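Architecture and fold: a report
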Amino acid sequence: MKFTAEQIATLLGGIVEGEGNLEVSRLAKIEQGVPGAISFLANPKYIPYIYETDSSVVLVNKDFIPDKPIKATLIRVEDAYTSFTKLLEMAEGLLANRTGQEDPNFIHPSAEIGENTYIGAFVYIGEQAKIGKGAKIYPFTYIDSGVEIGEDSILKAGVKVLRNCIIGNRCILHAGVVIGSDGFGFAPQKDGQLKKIPQTGIVRLEDEVEIGANTCIDRATLGETLLKQGAKIDNLVQIAHNVEIGQHTAIASQTGISGSTKIGKYCLVGGQVGFVGHLSIADRTQIGGQSGISKNVESEGLILRGSPAQPIREQLRTEALLKQLEAMYARIQELEKKVANLSSQ
Amino acid sequence: MKFTAEQIATLLGGIVEGEGNLEVSRLAKIEQGVPGAISFLANPKYIPYIYETDSSVVLVNKDFIPDKPIKATLIRVEDAYTSFTKLLEMAEGLLANRTGQEDPNFIHPSAEIGENTYIGAFVYIGEQAKIGKGAKIYPFTYIDSGVEIGEDSILKAGVKVLRNCIIGNRCILHAGVVIGSDGFGFAPQKDGQLKKIPQTGIVRLEDEVEIGANTCIDRATLGETLLKQGAKIDNLVQIAHNVEIGQHTAIASQTGISGSTKIGKYCLVGGQVGFVGHLSIADRTQIGGQSGISKNVESEGLILRGSPAQPIREQLRTEALLKQLEAMYARIQELEKKVANLSSQ
Amino acid sequence: MKFTAEQIATLLGGIVEGEGNLEVSRLAKIEQGVPGAISFLANPKYIPYIYETDSSVVLVNKDFIPDKPIKATLIRVEDAYTSFTKLLEMAEGLLANRTGQEDPNFIHPSAEIGENTYIGAFVYIGEQAKIGKGAKIYPFTYIDSGVEIGEDSILKAGVKVLRNCIIGNRCILHAGVVIGSDGFGFAPQKDGQLKKIPQTGIVRLEDEVEIGANTCIDRATLGETLLKQGAKIDNLVQIAHNVEIGQHTAIASQTGISGSTKIGKYCLVGGQVGFVGHLSIADRTQIGGQSGISKNVESEGLILRGSPAQPIREQLRTEALLKQLEAMYARIQELEKKVANLSSQ
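These figures come from a predicted structure and were not determined experimentally. (Residues numbered from 1 in each chain as written. Chains lettered and ligands numbered in written order. Predicted model: local features only at pLDDT ≥ 70, side-chain atom pairs only at ≥ 80, totals over all residues. Heavy atoms only, no water.)

1. Here we look at the interface of chain A and chain B
With 64 residues of chain A at the interface, the matching set in chain B holds 59 residues. Taken together, both faces of the contact between chain A and chain B bury some 4,800 Å²; the carbon and sulfur share is 65%. For the chain A face of the interface with chain B, the top three residues by lost area are Phe184(A), Leu222(A) and Arg331(A), together amounting to 14%. We note a salt bridge from Lys196(A) to Glu210(B), for which the minimum N-O separation is 2.7 Å. At the junction of chain A and chain B, the tally comes to 19 residue pairs in polar contact (both at pLDDT 80 or more). Sorting the residues of the side of chain A that touches chain B by element identifies strand 21 (178-181), strand 23 (194-196), strand 26 (216-218), helix 4 (312-323) and helix 5 (325-344) of chain A as the ones contributing at least two each. (Contact = heavy atoms within 4.5 Å. Buried area = accessible area lost by both parts, 1.4 Å probe. Salt bridge = Lys/Arg side-chain N within 4 Å of Asp/Glu carboxyl O. Polar contact = N/O pair within 3.5 Å; in protein donor to acceptor, adjacent residues only side chain to side chain. Helix = DSSP H or I, 4+ residues; strand = E, 2+ residues; numbered from the N terminus.)

2. Focus on the domain arrangement of chain A
What the domain assignment lists for chain A is domain 1 (3-95), domain 2 (100-314) and domain 3 (318-344). The gap between the C-alpha centroids of domain 1 of chain A and domain 2 of chain A is 39 Å. (Domains from an automatic or database assignment.)

3. Concerning the sheet that holds strand 11 (residues 118-119) of chain A
All names here are of chain A. Spatial strand order, 8-11-14-17-20-25-28-31-34-37-39-40: twelve strands in an open sheet with mixed pairing. Only two strands of the sheet have a single partner each, and these edge strands are strand 8 (100-101) and strand 40 (310-311). As paired elements, strand 39 (residues 303-305) and strand 40 share two bridges and run antiparallel to each other. Counterpart to Arg305 in the pairing with strand 40 is Gln310. (Pairing = 2+ DSSP bridges.)

4. Quick look at the interface of chain B and chain C
Taken together, the contact pairs 62 residues of chain B with 60 residues of chain C. Of the roughly 4,800 Å² buried where chain B meets chain C, counting both sides, 65% is carbon and sulfur surface. Contact with chain C buries surface across chain B, with Phe184(B), Leu222(B) and Arg331(B) losing the most and accounting together for 14% of the total. The salt bridge involving Arg317(B) is made with Glu326(C); its shortest N-O contact spans 3.0 Å.

5. Regarding the pattern of salt bridges
For the structure shown, the criterion picks out 42 salt bridges over all chains. Measuring nitrogen to oxygen at the nearest pair gives 3.4 Å for the salt bridge that ties Glu244(B) to Lys228(B). Within this pair, whereas Glu244(B) is found in strand 30 (residues 244-245), its partner Lys228(B) is found in the loop between strand 27 (224-227) and strand 28 (232-233), the two being separated by 16 residues in sequence. The exposure class assigned to Glu244(B) is partly exposed, which follows from its relative accessible area of 24%. Between Glu244(C) and Lys262(C) there is a salt bridge; the shortest N-O distance is 3.8 Å. (Buried < 20%, exposed > 50% of the residue type's maximum accessible area, 1.4 Å probe, protein only.)

6. Details of the packing of aromatic side chains
Enumeration according to the criterion identifies 30 aromatic pairs over all chains in this entry. Relative to Phe140(C), the ring of Phe140(A) has its centre 6.2 Å away and its plane inclined at 85 degrees; by these criteria the two rings are edge-to-face. With Phe140(A) in the loop between strand 14 (136-137) and strand 15 (142-143) and Phe140(C) in the loop between strand 14 (136-137) and strand 15 (142-143), this pair bridges two chains. An identical accessibility class is assigned to Phe140(A) and Phe140(C); each is buried. (Phe/Tyr/Trp six-rings, centres within 6.5 Å; stacked < 30°, edge-to-face > 60°.)

7. Observations concerning the state of the cysteines
All names here are of chain C. Tallied over the full model, the rule gives zero disulfides over all chains. The thiol sulfur of Cys171 is not disulfide-bonded, and the nearest other cysteine sulfur, from Cys165, lies at 12 Å. By relative accessible area, which is 0% here, Cys171 ends up buried. (Disulfide = S-S within 2.5 Å.)

Put into structure tokens, the structure is as follows:
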């Protein structure tokens with residue numbers, strides 16, 4: 001799809017400076033510009049690139065004053081960064097606009113498929129599953145019996161949503177996500193064998209939840225594993241049975257949350273963090289990457305780091321002192337010599 | 001599927017107190033009860049909920065004495081928790097009872113499919129693969145040439161079992177599991193390039209092994225990567241080439257085991273643990289989450305934690321002392337002052 | 001496929017000692033030999049096995065002198081290990097030799113499929129995607145619109161390559177890999193909600209890149225996430241948006257690299273390592289497993305370990321001193337007593 005500089009300026013409420021009928025078909029960073037692309041200049045650090053870029057069109061702030069000639073056509077806007085973000089969003093919108101059904105498919109006759117949905121080829125929709133209107137189900141997605149997918153939710157290629165799990169409206173599940181696998185629960189028998197404890201609960205995702213590629217969320221033993229509205233989870237995260245994640249909490253890649261732990265709302269959790277089970281983490285907690293959380297966090301808004309984690313200031317002091325460990329050791333030896341000398345005097 | 005309180009009481013050998021013909025169709029926690037659900041009361045901590053629950057039926061111990069009126073119908077049984085677990089298992093059994101074949105499928109003419117199997121839609125079964133009787137192969141599962149799947153094993157959606165790998169009887173492979181990907185083996189060349197070392201061994205899972213969602217088990221360079229009877233592996237675990245896991249060992253999520261390491265039987269390994277390669281870990285070893293194991297563990301039954309790991313008592317002492325580090329630093333400074341004073345006297 | 005000892009000797013330029021027409025159909029370790037298998041003896045440690053092995057044929061170095069009778073047929077070659085590796089490679093080559101198309105498939109009419117490709121059953125190839133000649137696309141692979149797959153590249157079962165991403169020549173993507181999922185980018189709003197930042201860049205893999213099972217590589221926000229020639233990535237690794245990995249760098253399992261970090265060439269990164277974002281790591285850096293990298297690495301060839309990481313020597317000293325912490329604590333107490341005594345004299 002191509003647009004002229006003039007068309008884009010109209011969309012963004014900007015003013016063209018240069019050739020208004022120049023066409024662009026892609027977005028590019030100003031330092032990686034190519035003919036046919038549109039870029040933007042917001043950060044003054046990147047000003048030198050505007051004189052060299054091969055991009056056909058560049059968005060600039062309305063008060064930008066060049067001090068050399070510029071090859072590209074400019075579009076002057078109130079705020080170049082915000083305008084560029086709008087273009088990104090429009091591009092996404094155009095791309096996401098798939099509808100209709102592709103073949104072959106397996107759709108159980110009892111399944112309900114809403115209007116304006118996209119059902120890709122190689123999609124499996126089981127007994128009494130419900131797909132809300134406007135939802136987009138990409139190829140190789142497995143929607144088990146009794147599952148509900150909310151309106152306008154997007155399930156990318158190879159997502160699996162298992163029996164009876166519920167996905168809210170406007171959720172995004174990235175490729176390879178597994179929702180509703182069995183929790184890891186075994187009862188050790190007297191002979192040391194591990195007997196499987198049936199996992200018969202579900203996973204529920206409220207609205208606007210986003211789940212990263214190949215992340216796994218286990219169903220509850222009983223009841224629900226629950227991700228509340230607006231929670232955002234990165235790739236390769238493990239969320240165990242009966243976990244609860246609060247509204248608008250973001251969790252980075254490769255973090256693991258053990259069974260029944262409850263994380264509050266507006267929390268920010270770094271990558272590769274581990275939580276033991278049955279914890280309660282207060283709202284607005286921030287946790288640094290690779291931390292190990294083994295105790296409840298009761299006060300709101302703490303910043304934690306380390307394994308075992310402690311408040312960031314204490315952790316930074318511990319890390320600094322660890323670098324002093326050798327010096328401390330030497331100072332103890334020195335003291336021992338001096339004290340021995342003093343004692344023998 | 002619906003059951004009356006009377007039918008359930010008969011199944012469990014219990015006695016109904018209230019309406020025997022009340023129907024229930026789902027299981028729920030007592031504190032999350034809804035009409036049409038059956039719950040249980042075992043832990044005295046939950047007694048207050050029985051007077052408020054919306055569940056239609058509640059299993060209670062036979063000697064339970066309410067001190068207020070209860071809305072729900074009760075079923076009195078010997079042990080409410082055990083009875084509820086039986087119901088869970090029966091529910092699982094009913095759900096797992098799929099048989100027959102769905103279309104479309106790709107089954108190589110030379111493949112052997114046992115009786116009473118379930119072969120979902122979009123299943124690929126390659127040349128000379130064998131599927132044991134009673135096995136359930138869910139949609140989007142890839143069974144490569146020469147693979148053998150044992151009797152009554154369950155492969156959930158999107159499992160991939162690659163060339164010649166062998167899965168025992170009554171195994172469960174959760175969604176997205178990869179069995180038999182290439183081991184990570186490269187020979188550095190003189191010019192710094194990394195030349196792939198062919199990985200031509202297999203993965204063998206003995207009976208009753210369970211593998212969590214999106215876990216990866218690499219084939220041996222030569223020979224076998226081996227998981228022995230009853231081993232239970234959680235989600236997103238990495239098991240490298242030529243690893244061996246002993247009987248009834250359980251390994252929690254996101255743990256990684258490097259090449260050729262052998263873990264004994266009846267071990268319990270926490271989440272996010274890392275093992276370097278070529279280790280030997282004794283039977284009944286227990287390892288805390290996020291530990292790093294870089295040495296053999298020769299004595300049986302040790303409990304280890306930390307990275308690098310040490311016996312748990314020593315590790316807890318180290319962790320406690322780390323919190324004293326600042327105080328120790330201050331005490332050394334204080335000592336130095338005093339000793340300087342003493343020396344100058 | 002079966003070969004006689006004589007045929008193999010001819011292939012390897014070796015000399016048969018024993019029955020030349022003995023047939024073998026598989027490779028095995030000498031200590032796990034079975035009839036019909038060929039093994040090798042290179043490491044003198046394994047000499048005792050040659051007198052007991054059940055393998056039908058064993059490759060030995062030409063100067064090997066047995067001191068007992070050997071049941072197996074021998075093939076004497078210049079270097080038994082190298083010859084065995086050649087056999088492994090030939091076996092791999094034979095196995096990898098699939099061509100043609102299997103049904104059913106979804107191939108968009110505008111897609112371009114090169115010659116001598118293998119397109120498995122249940123493959124999805126989107127609009128204007130290009131598959132280079134000799135490429136092998138296994139079942140359940142999703143190739144989105146605009147994607148390019150280079151010549152002779154292999155995509156194992158269940159790989160997903162999303163919109164516009166580019167895979168070079170002779171790459172190997174193992175089962176379940178996700179290329180081009182959205183980067184984890186959100187702009188916190190005033191009310192605490194997290195607004196998705198569109199991710200419109202791509203992922204580019206140069207030639208001879210290998211990616212392990214279930215690894216995820218996110219597309220750039222803008223521009224490219226780039227893996228340069230010969231980079232080798234293990235299973236379950238997370239590579240975030242706009243990351244760059246240099247030529248011939250190897251990264252072990254479960255490592256996570258945060259957004260915009262650039263790793264140099266010829267680096268070796270252990271398993272479960274975490275990198276924060278926006279770092280620059282010099283060429284030939286080696287990083288131990290479970291390390292945490294939070295600062296740029298500017299000098300080439302450093303060996304780092306620990307979280308936070310430091311040069312290996314310092315880290316080993318820190319680890320050794322941590323084991324002395326209790327003794328240090330006791331020595332401080334002892335010193336305090338002595339100094340108190342001295343002061344009171």
